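# Structural characterization, general
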Amino acid sequence: MKNQKHALMFGGATVLLWSTVATAFKLSLREMTPVQLMLIACSVSVVVLAMILVTQKKVGELFRLNRKQYLASLVFGLMNPVLYYLVLFGAFARLPAQEAQPLNYTWALTLTYLSVPLLGQRLGRSDFLAGLLCYGGVVVIATRGDILGLHFSDPLGVILALASTVIWAFYWIANTRDTRDPLVGLFLNFLFGLPFIIGICLATDGVPEASSTAMLASFYIGVFEMGISFVLWMFAMKRAENTSQVSNLIFISPFLSLVFIHFILGETIFNSTYVGLVLIVAGLWYQQRGRKVSPETTAA
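Residues numbered from 1 in each chain as written. Predicted model: local features only at pLDDT ≥ 70, side-chain atom pairs only at ≥ 80, totals over all residues. Heavy atoms only, no water.

## Examining the side chain of Gln69
Condition: Secondary structure elements follow DSSP: runs of H or I of four or more residues count as helices, runs of E of two or more count as strands, with numbering from the N terminus. Relative accessibility decides the category of a residue: with a 1.4 Å probe and only protein chains considered, values under 20% of the type maximum give buried, values over 50% give exposed, and everything between is partly exposed. Here a residue-residue contact requires only that any non-hydrogen atoms of the pair lie within 4.5 Å.
The residue Gln69 is located in helix H3 (residues 67-94) in this model. Judged by its relative accessible area of 13%, Gln69 is buried. In this structure Gln69 touches Thr179 and Arg180, once residues within four positions along its chain are discounted.

Quick look at the structure:
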């Protein structure tokens with residue numbers, strides 16, 4: 001049943017959770033490697049998603065898929081969680097949270113650009129201007145304001161953060177052809193990806209030994225970032241009478257995230273971070289607004 005008030009409530013709760021995960025990433029990565037964090041968080045996520053499947057009485061759907069769909073679960077699982085979080089956590093391990101989080105936020109623009117060769121879509125004028133604004137913001141953040149000198153604080157960290165947007169965009173484009181129930185598909189992706197994460201972790205860094213703070217943060221990531229937030233957002237979209245109104249809540253997330261990063265992690269937020277983030281969000285907002293009114297963005 002459509003209910004805009006409930007949709008906004010679910011959407012707001014999701015945005016609040018998304019705003020906290022960058023802080024949780026850094027709390028865990030202070031004492032764990034990216035692979036160790038993946039091991040804990042993904043294991044927790046599988047349990048949480050399984051419980052949600054039981055609650056929604058969808059367990060039976062796990063056994064009604066065909067061989068092609070199970071193979072898709074393996075392929076998707078290698079993309080997300082394995083490759084995506086390995087690269088994303090690698091970026092957060094190298095960069096301050098205030099830099100890694102806004103750079104990863106440009107995935108929506110990456111998705112648009114990859115949709116041209118992969119889905120046959122066309123770019124409109126708004127997409128080009130959005131690119132200039134967003135990636136201009138990326139340069140401002142990555143150079144900490146030294147845009148003329150182009151001195152990057154951590155080049156590899158920046159590359160990993162931007163690479164994560166490419167992986168995420170590929171993942172969602174591939175999902176446009178996925179016929180599985182979204183919740184069932186997400187559970188199977190994590191379930192099939194988990195053995196690879198376990199193998200990589202045991203072969204490299206081993207089982208993590210961390211403080212209670214780092215462990216709780218990794219559990220938090222598994223429960224909320226990789227589990228409940230997906231379900232809340234799905235509920236928000238199903239209940240929404242006006243989906244664009246709910247989607248616009250996303251623009252609050254990166255700014256709210258800076259509040260948690262500053263007060264919990266103790267990072268001093270650079271002026272360049274504010275400037276770059278405003279450029280990125282302005283670019284994404286302009287692109288979203290332009291694609292609603294421009295016929296140039298329809299499929300070829």
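Past the structure itself, the notes keep going.
## A short note on the packing of aromatic side chains
Heads up, the rule is: Put simply, two rings from Phe, Tyr or Trp (the six-membered ring, in Trp's case) pair if the centres are within 6.5 Å, and we call them stacked under 30 degrees between planes, edge-to-face over 60, tilted for the rest.
For the structure on display, the rule yields 13 aromatic pairs. Arranged with centres 4.9 Å apart and planes meeting at 70 degrees, the rings of Tyr84 and Tyr85 form a pair that is edge-to-face. Look at Tyr85 and you get buried, because its relative accessible area is 3%. Seen from their ring centres, Trp168 and Trp172 are 5.7 Å apart, and the 75 degrees between their planes marks the pair as edge-to-face. Here Trp168 and its partner Trp172 are both found in helix H7 (residues 155-175), four residues apart, which amounts to about one turn of the helix. The exposure class of Trp168 is buried, given its relative accessible area of 16%. The structure contains a cluster of three or more aromatic residues connected by ring pairs, namely Phe25, Phe76, Tyr84, Tyr85, Phe89, Phe92, Trp107, Trp168, Tyr171 and Trp172.

## Here we look at the environment of Phe63
Relative to the elements of secondary structure, Phe63 occurs in the loop between helix H2 (34-55) and H3. Measuring from C-alpha to C-alpha, the distance between Phe63 and Asp205 comes to 35 Å, with 142 residues separating the pair along the chain.

## Considerations on the packing of H2 against helix H9 (residues 212-239)
Selection rule: Simply put, an axis is a line fit to the C-alpha atoms, just over the touching stretch for a helix, and the angle between two N-to-C directions goes from 0 to 180 degrees. Orientation labels follow simple angle bins: below 35 degrees gives roughly parallel, above 145 gives roughly antiparallel, 65 to 115 gives roughly perpendicular, and whatever is left gives oblique. Here a crossing is taken to be left-handed if its near helix is turned anticlockwise relative to the far helix by less than a right angle, and right-handed if that turn runs clockwise. Residues are grouped as follows: Ala, Val, Leu, Ile, Met, Phe, Trp, Tyr, Cys and Pro are nonpolar; Asp, Glu, Lys and Arg are charged; all remaining types, including Gly, are polar.
Two elements in contact, H2 and H9, have axes whose closest approach is 8 Å; the angle formed by their N-to-C orientations is 40 degrees. By the angle between their directions, the pair H2 and H9 is classed as oblique. When the axes of H2 and H9 are compared, the crossing they make is right-handed. Taking contact as the criterion, the partners of Leu37, Ile40, Ala41, Cys42, Val44, Ser45, Val48, Leu49 and Ile52 in H2 are, on H9, Met215, Ser218, Phe219, Ile221, Gly222, Val223, Met226, Gly227, Ile228 and Val231. A class-by-class count of the residues in the contact of H2 with H9 yields 15 nonpolar, four polar and no charged.

## Concerning the pattern of salt bridges
The criterion, for reference: One side-chain nitrogen of Lys or Arg within 4 Å of one carboxyl oxygen of Asp or Glu is enough to make a salt bridge.
One pass over the full model with this rule turns up four salt bridges. With a shortest N-O distance of 3.0 Å, Lys58 and Asp181 are connected by a salt bridge. With a gap of 123 residues between them, Lys58 in the loop between H2 and H3 and Asp181 in the loop between H7 and helix H8 (182-203) connect regions that are remote in the sequence. The partner of Arg180 in a salt bridge is Asp178, with the nearest N and O atoms 2.9 Å apart.

## Observations concerning H9
Quick note on the threshold: Take the number of residues in a helix, subtract one, and multiply by 1.5 Å to get its expected span. Bend, in this description, refers to the angle at a residue between axes fitted to the seven residues ending there and the seven starting there.
An ideal rise of 1.5 Å per residue puts 40 Å on 28 residues; H9 measures up with 38 Å between its terminal C-alpha atoms. Its axis deflected by about 45 degrees at Ile228, H9 carries its strongest bend there.

## Notes on the environment of Phe235
In this fold, Phe235 is placed in helix H9. Residues Phe235 and Gly11 lie 224 residues apart in sequence; the distance between their C-alpha atoms is 8.2 Å.

## Notes on the nonpolar core
The condition that has to hold: Only buried Ala, Val, Leu, Ile, Met, Phe, Trp, Tyr and Cys residues count toward a nonpolar core, and they belong to the same one when joined by side-chain atoms within 4.5 Å.
Judged by nonpolar contacts, the single largest core of 71 residues is most densely connected at Phe25, Tyr85, Phe89, Phe92, Phe190, Ile221 and Met226. Considering every element that reaches this core, the biggest residue donor is H2, with twelve residues. If near-sequence neighbours (up to four positions away) are discounted, Phe25 is found in contact with Leu37, Leu88, Phe89, Phe92, Ile221 and Glu225. Ranked by size, the runner-up nonpolar core spans ten residues in total, among them Phe10, Leu17, Trp233 and Ala236.

## Re H3
Put simply, the test is: Whenever a nitrogen or oxygen atom comes within 3.5 Å of another N or O atom, the pair is scored as a polar contact, on the condition that within protein one atom can donate a hydrogen and the other can accept it, and that pairs from neighbouring residues in sequence are kept only if both atoms are in side chains.
End to end, H3 covers 40 Å across 28 residues, agreeing with the expected 40 Å (1.5 Å per residue, within 8%). Maximal helix bending in H3 amounts to about 35 degrees, located at Gly77; proline Pro81 follows within four positions. Two or three places before Lys68, at the start of H3, stands the capping residue Asn66, its side-chain oxygen 3.1 Å from that residue's backbone nitrogen.

## Some remarks on a nonpolar patch on the surface
Using the following cut-off: For patch detection, residues must exceed 30% relative accessible area and be free of salt bridges, and they are connected within 9 Å for like charges or within 5 Å for nonpolar side chains (Val, Leu, Ile, Met, Phe, Trp, Tyr). Note on areas: Shrake-Rupley, 1.4 Å probe, and residue coverage restricted to the protein chains presented here.
On the surface, Val54, Val59 and Phe63 cluster together into a nonpolar patch covering about 300 Å² of accessible area. Its relative accessible area of 32% is what places Val59 among the partly exposed residues.

## Re the packing of helix H5 (residues 107-119) against helix H6 (residues 125-142)
Two measures define how a pair of helices packs: the angle their axes make with one another and the distance between the axes. Interhelical geometry of H5 versus H6 gives an angle of 140 degrees and a closest axis separation of 11 Å. The orientation of H5 relative to H6 falls into the category oblique. Of the two possible hands of crossing, H5 and H6 adopt the one that is left-handed. The residues of H6 that touch H5, namely those facing Leu109, Thr110, Thr112 and Tyr113, are Asp127, Phe128, Ala130, Gly131, Cys134 and Tyr135.

## Focus: the confidence of the model for the chain
Using the following cut-off: A score between 0 and 100, pLDDT records how confident the predictor is in each residue.
On average, residues of the chain score 89 in pLDDT, and 96% of them are at 70 or above. Confidence over residues 293-300 falls short of pLDDT 50; this stretch has 14 contacts with residues more than four positions distant or in other chains.

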